[in-house]
Amino acid sequence: MTLPTACPASGSVKIGSLRLIRLLAVKESLRELVLQAVQSLVTAGTLPADLSLPAFVIERARSREHGDFATNLAMMLAKPARAKPRDIAQQLVDALPASPLVARCEIAGPGFINFFLSPQAYEAEVQRVLDQGERYGRSAHGAGRRVGVEFVSANPTGPLHVGHGRAAAIGDCLSRLLHATGWDVKREFYYNDAGVQIQNLAISVQARARGISPDQAEWPEGGYRGDYIADVAQAYLDRETAIADGKEVVGAGDPENLDAIRQFAVASLRHEQDLDLKAFGAGFDVYFLESSLYAEGKVEETVRDLIAHGHTYEEGGALWLKSTDFGDDKDRVMRKSDGSYTYFVPDVAYHLSKWQRGYERAITELGSDHHGSLTRVKAGLQALDAGIPKNWPEYVLHQMVTVMRGGEEVKISKRAGSYVTLRDLIEEVGRDATRFFLIARKADSQLVFDIDLARSQSNDNPVYYIQYAHARICSALRQAEEKGMPFDEANGRAKLARLDSEHEQILLGELSKLPEVLETAALNLEPHLVANWLRELAAAFHGYYNSCQFLVDDKDLRDARLCLALATRQVIRNGLDLLGLGAPESM
């Protein structure tokens, strides 16, 4: 039997050494031990030589009474070994190599193996945190492969609303998670700068430039009514310069030149959106214009390829895609009888460009209202016969955001006219609180943004609670110096065995979770898992801080506790960075 490589970084280090524990995350070290036990049973003939190792899990125990970790391997091996799961579990336990990592094992239920870690295991994890610093928790799972993450992709027709804010928070955090797990990440913004909505923007600005207001009968049907339209119109008439994507567009000043108005309005609103995203801490590597697909003939080229591969037909004067051949519930019109294309066709051309640009993975973050278009885009990509995988691209869909203040829903913004803007939230509660609240729940869950809670400086406010833990640690380290009790980190590292209280053990367990949380969040594209874990870590630290005095006369104990605090500060900072949040040193 050939076992999978569990820990290539371990080299020739023996499994029983404390040094190995410091090289590997606890979970990886346990997996290495278990694999060696399996190999021993194969060598002894207890397990068949041609055994194909099943997929098994090692996960955190749900309660401390059941140990620290558990595995289901014995139950997975029962059938190929033709033995009872509990018997296999006992044989695995007996074959486990001796290790300072594990204090004892117990067999539970139908055959789970529960691992109780030794104090040295968590002491080694503190050492690992302090050794690796900002690299703690990160991995090379992506192996430098390229992934494109598209998010926000708002129409340049007005200020960004809170839904765009949620998209920005999710997309930016996904990018951070993937980068932290070894992927070459390209952040991408797709500008929908063609079509009916851009035309509505142009005629809205033109109406304002002509002196027509939204309350007049001459106001165009479907026109945008927010105050920002008047601002853009005035800037156009004043011949101001709008800068978007490094290009300058000067207002012509002529209210009858609709094409000039369109160009200026799009550039102005792109610039405003860029400023809002910059203030929000969301940046991009690629800005892709929908209009470029038409200008460069990419839409026509994509349609020709689909026809050439035999996946289209004409009916009723329209061109149809045989999307039912690729899992759609019905065929879709690509080109209408008037010669114009339906909206999913340029989406197919755009995603084809991602594949051609070398994106091994493409992840698109969208509002849930786009759900209906996903299948037809994937069908179009498959119909191109270009070697694109069936599950490509991947989608993350977010639900709507409801903004509340004083127990009542906030629905409008004076500047936008009909919705709450991202800028409104940033100005109300600050960037960090806005980002955290927009990322704190799973993307496909509806989210209530409570402005009053986000502004409060209390333990009920999760972002305040987490950042306060970081600030508290900074304060404790400063106080040690001020009170003539300088922190000796080397001594603290050597005396970590003194950390034996219940609160210390709980905190040690929580801070060691970051590598697993990061890996799971990146794998499942669920950044809210990091936010949830940070709250648990902060709660563990605050409980520790409130129950144990740090600056005690016993130097060894003091240094050990400050060492734990220092490691906790580093892990909190790493977690906050994954969410794009600051780590204040005082509050």
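Please read these numbers as outputs of a predicted model, since none were measured by experiment.

Procedures and definitions
- Residues numbered from 1 in each chain as written.
- Predicted model: local features only at pLDDT ≥ 70, side-chain atom pairs only at ≥ 80, totals over all residues.
- Heavy atoms only, no water.
- Axes fitted to C-alpha atoms, helices over the stretch in contact; angles between N-to-C directions.
- Helix = DSSP H or I, 4+ residues; strand = E, 2+ residues; numbered from the N terminus.
- Left-handed = near helix turned anticlockwise from the far one by under 90°.
- Contact = heavy atoms within 4.5 Å.
- Nonpolar A, V, L, I, M, F, W, Y, C, P; charged D, E, K, R; others polar.
- Phe/Tyr/Trp six-rings, centres within 6.5 Å; stacked < 30°, edge-to-face > 60°.
- Buried < 20%, exposed > 50% of the residue type's maximum accessible area, 1.4 Å probe, protein only.
- Lys NZ or Arg CZ within 6 Å of the ring centre and 35° of its normal.

Draft legend 1. Inspection of the packing of helix α15 (residues 431-439) against helix α17 (residues 462-482) at higher detail. One can describe the packing of α15 onto α17 by two numbers: an axis separation of 9 Å at closest approach and a directional angle of 115°. Where α15 crosses over α17, the two elements pack in a sense that is right-handed. The segment α15 lies against α17, with D432, A433, F436 and F437 engaging P462, V463, I466 and Q467. Split by residue class, the contact of α15 with α17 holds 6 nonpolar, 1 polar and 1 charged.

Draft legend 2. Up close: the packing of aromatic side chains. Using the criterion set out here, one finds 18 aromatic pairs in the structure. Residues W355 and W392 carry aromatic rings whose centres are separated by 5.4 Å and whose planes lie at 80° to one another, so their mutual orientation is edge-to-face. Taken together, the residues W355 in helix α12 (residues 344-356) and W392 in the loop between α13 (371-383) and β14 (394-398) connect sequence positions 37 residues apart. Among the residues examined, W355 registers a relative accessible area of 26% and is labelled partly exposed. The exposure class of W392 is buried, given its relative accessible area of 3%. Their ring planes at 15° and their centres at 5.6 Å tell us that Y464 and Y468 sit as a pair that is stacked. Of this pair, Y464 and Y468 both sit in helix α17, 4 residues apart, which is roughly one turn of that helix. The class of Y464 is buried, set by a relative accessible area of 16%. By way of ring pairs, the aromatic residues F151, F189, Y191, F284 and Y287 are connected into one cluster. The ring of F116 has R104 lying over it, and the distance from NZ or CZ to the ring centre is 3.7 Å. Its end group placed over the ring of W183, R361 keeps NZ or CZ at 4.9 Å from the ring centre.

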